[in-house]
Amino acid sequence: MASASALHTTPLHSVHHALGARMVDFGGWEMPVQYSGIIDEHMAVRTGVGLFDVSHMGEIEIRGPEAGALADLVTTNHARKLKIGQAHYSGLLYEHGGFVDDILVHKVAEDHYFLCVNAANQEKDFEHIGSHNHLNAEVEFSSPRYAQIAIQGPRARATLQKLTPVDLAEIKYYWFTDGEVSGTPARIAHTGYTGEDGFEIYVPPEEAQRLWREVTEAGGEFGIKPCGLGARNTLRLEAKMALYGHEIDATISPLEADLGWIVKFDKGEFVGREALIRQKEQGLTRKLVGFEMRGRGIARDGYEVYLEGAPAGWVTSGSPSPALNRNIGLCYLPAAHAQAGKTIQIIIRNQPVEAVTVETPFYKRAK
Amino acid sequence: MVPENLRYTKEHEWLLVEGDTGTVGITDHAQEELGDIVYVDLPRVGTALAQASPLGSVESVKAVSEIFSPASGEVTEANAALADAPEKLNEDPYGAGWLVKMKLSDPAQAGSLMTAAEYQAYVGAEK
């Protein structure tokens with residue numbers, strides 16, 4: 001294990017320590033896993049508002065006349081179809097169809113795309129995009145220029161609105177605008193990784209501590225809580241959002257991960273397209289599906305899944321669901337069986353425990 | 001902070017010895033490290049356990065943690081209240097959050113465990 005001094009830290013590192021957060025090594029980053037407790041933080045986001053330091057996330061920018069063409073070559077979703085000020089979820093794939101990373105693509109201008117990528121993958125992503133850049137677009141590794149704070153929950157808008165002249169009600173879901181938060185230039189995106197309404201703001205690192213304090217004060221009347229990676233994980237799992245290294249990795253394709261909606265075959269050539277077409281023609285062998293435990297026990301990442309008495313797949317994520325009060329999870333099963341209503345067994349410490357596949361997402365917010 | 005009348009393991013279990021009866025739990029430090037405990041898996045009454053063998057497990061929202069028996073003996077009672085109220089482990093680890101009682105085959109084994117002062121120093125050094 002890397003020593004503490006070798007870990008990356010965010011501009012909010014000292015704030016987390018002052019708040020008494022429990023810190024963990026997350027993909028080479030020393031990050032808060034929890035402050036008051038995962039369930040408490042989780043419920044704050046579901047019923048009020050929570051704030052997260054997600055400055056570990058990476059940023060990569062593509063600029064120039066060929067920016068859109070390169071974005072469409074290296075991602076699965078149709079980047080050039082985005083309107084200026086719009087964002088979408090997408091995949092970066094290898095030629096063989098497995099994930100390099102899952103990312104958010106923001107179209108800032110016709111000649112400027114802003115990518116938000118996973119912390120542990122950012123260098124790999126940058127190299128990958130560069131290796132396909134025969135179009136001579138300008139590709140910038142811009143992570144050091146941004147801190148990112150997520151404000152999430154039904155009271156997120158009311159909280160952030162106090163700090164910005166931008167009318168947040170005018171920013172539609174998965175759109176963004178460049179404005180100011182508390183006098184500081186900020187990219188304000190109506191996005192999130194919690195399944196709840198909320199915003200993610202990209203701000204200069206040197207302003208992060210002041211903005212964190214101001215957001216905390218602004219959310220005081222709504223009981224705002226700082227939230228760590230533990231709650232971020234349970235929230236995203238309830239909303240069935242993929243986590244790299246769990247639901248997806250270099251060996252898994254978007255079709256298998258039930259992410260066919262981010263693959264736009266009709267947009268033309270993109271890295272991984274041939275492999276996905278082949279996979280589609282031959283039929284999928286496995287597919288991601290959600291389940292709920294019926295027996296007593298909690299499924300965890302990596303546990304074996306049995307179907308009709310034989311090994312059939314594996315758990316990618318599993319946890320108690322604080323909002324639903326059930327034990328939930330995601331697993332890979334043979335594609336023919338990856339549908340709701342199947343009885344399966346999760347092997348928990350050598351004992352088969354019954355579960356049943358269910359429709360996902362597990363949790364859907366009221367609109 | 002750390003009760004004086006108990007003995008402690010390096011894996012953060014505690015043992016209370018009363019005659020040949022042992023009561024086993026996890027320490028305040030252990031529950032603090034685990035966070036919100038949501039599930040407890042305990043052995044059946046009658047299970048024979050060797051010292052340091054797996055006794056059961058405790059799960060927080062985030063992870064599973066195995067519990068090891070601090071002494072050898074036979075389980076005489078498992079704390080049934082934890083099935084519906086696992087949070088007792090967080091709230092009262094040295095009291096209502098006890099895990100099992102056992103008939104100790106050798107109460108003198110407690111001598112191989114840490115005293116409160118030793119455990120306090122051990123936890124301090126671990127940080």
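On a predicted model such as this, the values are computed, not experimentally measured, just so you know. (Residues numbered from 1 in each chain as written. Chains lettered and ligands numbered in written order. Predicted model: local features only at pLDDT ≥ 70, side-chain atom pairs only at ≥ 80, totals over all residues.)

1. Considering the sheet that holds strand E9 (residues 100-104) of chain B
Residues and elements named next belong to chain B.
Turning to step 1, where the next piece is worked out: Here six strands make up an open sheet; going across it, the order is E1-E2-E3-E9-E8-E5 and the pairing antiparallel. Looking at the sheet topology across the chains shown, the edges are occupied by strand E1 (7-8) and strand E5 (48-49).
Turning to step 2, where the next piece is worked out: Relative to E9, strand E3 (residues 21-26) is paired through four bridges, and the arrangement is antiparallel. If you follow threonine 23 over to E9, its bridge partner there is lysine 101. (Pairing = 2+ DSSP bridges. Helix = DSSP H or I, 4+ residues; strand = E, 2+ residues; numbered from the N terminus.)

2. What about the environment of glycine 97 of chain B?
All names here are of chain B.
Turning to step 1, where the next piece is worked out: Note on placement: glycine 97 falls in the loop between helix H3 (88-91) and E9.
Turning to step 2, where the next piece is worked out: Between the C-alpha atom of glycine 97 and that of glycine 46, which follows or precedes it by 51 residues, the distance is 20 Å.
Turning to step 3, where the next piece is worked out: Among residues more than four places away in sequence, those in contact with glycine 97 are Gly25, Lys88, Leu89, Glu91 and Asp92. (Contact = placed C-beta atoms within 7 Å.)

3. Looking at the pairing of strand E6 (residues 54-60) of chain B
All names here are of chain B.
Turning to step 1, where the next piece is worked out: Burial analysis of E6 places five of its seven residues in the buried class, the great majority of the element.
Turning to step 2, where the next piece is worked out: Here strand E4 (residues 37-41) runs beside E6; their pairing, made up of four bridges, is antiparallel. Across the sheet, residue aspartate 41 finds its bridge partner in E6, namely serine 57.
Turning to step 3, where the next piece is worked out: Two strands pair when backbone bridges link them, and E6 and strand E7 (residues 64-68) are joined in this way by five bridges, in the antiparallel orientation. Bridge pairing in E7 links proline 54 to phenylalanine 68.
Turning to step 4, where the next piece is worked out: Counting the residues that bridge the hairpin from E6 to E7 gives three residues. (Buried ≥ 20, exposed ≤ 12 C-beta atoms within 10 Å, placed from the backbone.)

4. What to know about the environment of glycine 19 of chain B
Turning to step 1, where the next piece is worked out: The topology assignment puts glycine 19 of chain B in the loop between strand E2 (13-18) and E3.
Turning to step 2, where the next piece is worked out: Considered as a pair, glycine 19 of chain B and tyrosine 8 of chain B are eleven residues apart in the sequence and their alpha carbons are 17 Å apart.

5. Section: the domain arrangement of chain A
Turning to step 1, where the next piece is worked out: Each assigned domain of chain A is listed here: domain 1 (4-55 + 146-238), domain 2 (58-125) and domain 3 (285-367).
Turning to step 2, where the next piece is worked out: Computed over C-alpha atoms only, the centres of domain 2 of chain A and domain 3 of chain A are separated by 31 Å. (Domains from an automatic or database assignment.)

6. Things to note about the interface of chain B and chain A
Turning to step 1, where the next piece is worked out: On the side of chain A, eleven residues touch chain B, which itself brings nine residues to the contact.
Turning to step 2, where the next piece is worked out: Considering only residue class, the side of chain B that touches chain A consists of four nonpolar, two polar and three charged. (Nonpolar A, V, L, I, M, F, W, Y, C, P; charged D, E, K, R; others polar.)

7. Describing the sheet that holds strand E18 (residues 343-348) of chain A
All names here are of chain A.
Turning to step 1, where the next piece is worked out: What the six strands build is a closed barrel, ordered E14-E17-E16-E15-E18-E19; its pairing is antiparallel. Each neighbouring strand pair of the sheet contributes to a mean axis angle of 45°, computed without reference to strand direction.
Turning to step 2, where the next piece is worked out: Where E18 and strand E19 (residues 351-358) come together, six bridges link them in antiparallel fashion. Residue glutamine 345 lies in a different strand from E19, and its bridge partner there is glutamate 354.
Turning to step 3, where the next piece is worked out: Contacting strand E16 (310-321) and strand E17 (326-334), helix H7 (residues 229-238) runs over the sheet at an angle of about 120° to E16. (Axes fitted to C-alpha atoms, helices over the stretch in contact; angles between N-to-C directions.)

8. Brief notes about the packing of helix H2 (residues 38-47) of chain A against H7 of chain A
For any two helices packed against each other, one specifies the crossing angle of their axes together with the interaxial distance.
Residue and element names in this part refer to chain A.
Turning to step 1, where the next piece is worked out: Close contact between H2 and H7 brings their axes to 8 Å; oriented N to C, the two are set at 55°. In terms of orientation, H2 and H7 fall into the oblique class. Handedness of the H2/H7 crossing: right-handed. Counted together, Ile38, Glu41, His42 and Val45 of H2 and Gly230, Ala231, Thr234 and Leu235 of H7 form the full contact between these two elements.
Turning to step 2, where the next piece is worked out: Among the residues making up the contact of H2 with H7, the classes are represented as four nonpolar, three polar and one charged. (Parallel < 35°, antiparallel > 145°, perpendicular 65-115°, else oblique. Left-handed = near helix turned anticlockwise from the far one by under 90°.)

9. Focus on the nonpolar core
Turning to step 1, where the next piece is worked out: Val105, Leu115, Ile149, Ile151 and Val203 of chain A are the most contacted members of the largest nonpolar core, which totals 119 residues.
Turning to step 2, where the next piece is worked out: Core analysis: the second largest hydrophobic core is formed by five residues, Ala323, Ile328, Phe362 and Tyr363 of chain A among them. (Core = buried A, V, L, I, M, F, W, Y, C linked by C-beta atoms within 7 Å.)

10. Thoughts on the pairing of strand E3 (residues 50-53) of chain A
Residues and elements named next belong to chain A.
Turning to step 1, where the next piece is worked out: Here E3 shows a buried face lined by Gly50 and Phe52 and a second buried face lined by Leu51 and Asp53.
Turning to step 2, where the next piece is worked out: Judged from the four bridges that link them, E3 and strand E9 (residues 147-152) form a sheet pairing that is antiparallel. Paired with aspartate 53 across the two strands is isoleucine 149, which belongs to E9.
Turning to step 3, where the next piece is worked out: Alignment of E3 against strand E13 (residues 225-227), held across three bridges, turns out to be parallel. Its bridge partner being in E13, leucine 51 is matched across the sheet by proline 226.

11. A word on unusual backbone geometry
Apart from glycine, the bulk of residues carry a negative phi angle, and the bulk of peptide bonds sit in the trans form.
All names here are of chain A.
Turning to step 1, where the next piece is worked out: Cis rather than trans, the peptide bond between threonine 360 and proline 361 has omega equal to 0°.
Turning to step 2, where the next piece is worked out: Residues other than glycine seldom take positive phi values, yet arginine 349 does so here, at roughly 45°.
Turning to step 3, where the next piece is worked out: Here arginine 349 lies in the loop between E18 and E19.

12. Comments concerning helix H3 (residues 67-74) of chain A
An α-helical turn contains 3.6 residues, so any two residues separated by three or four positions project in the same direction.
Residues and elements named next belong to chain A.
Turning to step 1, where the next piece is worked out: Of all eight residues in H3, seven are buried; the element is thus mostly enclosed.
Turning to step 2, where the next piece is worked out: Taken together, the buried positions of H3 are occupied by Ala67, Gly68, Leu70, Ala71, Asp72, Leu73 and Val74.
Turning to step 3, where the next piece is worked out: Residues of H3 that are buried sit in contact with strand E4 (58-63), strand E5 (87-93), strand E6 (99-109), strand E7 (112-117) and helix H4 (122-131).

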